[in-house]
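# An overview of the molecular structure
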Amino acid sequence: MPEHHDIVVIGGGQAGLAMSAVLQEHGREHLVLERRRVGERWRTERWESLRFQFPNWALELPGFSYSGENPEGFAHWREVLRVIEQYAGSTRAPVREHTEVTALRADEGGFVLTV
């Protein structure tokens, strides 16, 4: 059954969640579609030894800053994932998980997504 939304964000990683927070800040109704789970690439598409490429003090999202004990350290991917999950929860991002967008096309003044 077709759904209609003014704004749809594709992807529930850092960028998608940050956009969701900004949209919420501006009172805009929206939906975030994530093909698997929030932060999925940090869960399944990383080397076990991967660490955040910038010091922890740079690990921030809109309205959410690093609050750990090691601001000059480099977070392991599990810590980055924890931050992303906490952020999604704290912002109450309207994420629909397990919804993969397979096509996007323009249509009379808008777009049509195929999931």
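Structure shown above.
Here's a quick rundown of the structure. (Residues numbered from 1 in each chain as written. Predicted model: local features only at pLDDT ≥ 70, side-chain atom pairs only at ≥ 80, totals over all residues. Heavy atoms only, no water.)

### Quick notes on the nonpolar core
In terms of nonpolar packing, the biggest core is built from 17 residues, with Leu17, Trp42, Phe52, Leu59, Val80 and Ile84 touching the most fellow members. Those elements that place two or more of their residues in this core are helix H1 (14-25) and helix H3 (77-91). Sort the elements by how many residues they give to this core and H3 lands first, with seven residues. Non-local contacts of Leu59, meaning those with residues more than four positions away in its chain, are made with Phe52, Ser65, Tyr66, Ala75, Val80 and Val83. (Core = buried A, V, L, I, M, F, W, Y, C linked by side-chain atoms within 4.5 Å. Buried < 20%, exposed > 50% of the residue type's maximum accessible area, 1.4 Å probe, protein only. Helix = DSSP H or I, 4+ residues; strand = E, 2+ residues; numbered from the N terminus. Contact = heavy atoms within 4.5 Å.)

### Looking at the layout of surface pockets
Here the largest pocket defines a volume of roughly 660 Å³. If you tally residues by element for the lining of the largest pocket, the top one is strand E5 (residues 110-114), at four residues. Here the residues of the lining of the largest pocket are counted per class, giving 12 nonpolar, five polar and five charged. The wall of the second largest pocket is formed by 16 residues, among which Gly11, Gly12, Glu34, Arg35 and Arg41 lie closest to the centre. The greatest single-element share of the lining of the second largest pocket, amounting to three residues, is contributed by helix H2 (residues 40-44). Broken down by class, the residue content of the lining of the second largest pocket amounts to four nonpolar, six polar and six charged. (1 Å grid on protein atoms, 1.4 Å probe; cavity = no way out; pocket = protein on both sides within 12 Å on 5 of 7 lines; lining within 4 Å. Points joined across faces, edges and corners; volume = space filled by probe spheres on them. Nonpolar A, V, L, I, M, F, W, Y, C, P; charged D, E, K, R; others polar.)

### Observations regarding the pairing of strand E4 (residues 103-107)
Bridge count for E4 against E5 is five bridges, and the pairing is antiparallel. From the neighbouring strand, Ala106 faces E5, where its bridge partner is Phe111. The turn joining E4 and E5, which pair antiparallel and follow one another in sequence, is formed by two residues; a positive phi near 20 degrees is taken by Glu108. (Pairing = 2+ DSSP bridges.)

### Focus on unusual backbone geometry
We note that Arg92 has phi near 55 degrees; this positive angle belongs to a residue other than glycine. Within the fold, Arg92 resides in the loop between H3 and strand E3 (95-96). Using a relative accessible area of 72% as the deciding quantity, one classes Arg92 as exposed. Within the chain, His98 stands out as a residue other than glycine whose phi angle is a positive 55 degrees. Looking at the element boundaries, His98 is found in the loop between E3 and E4. His98 gets classed as exposed once you look at its relative accessible area, which sits at 59%.

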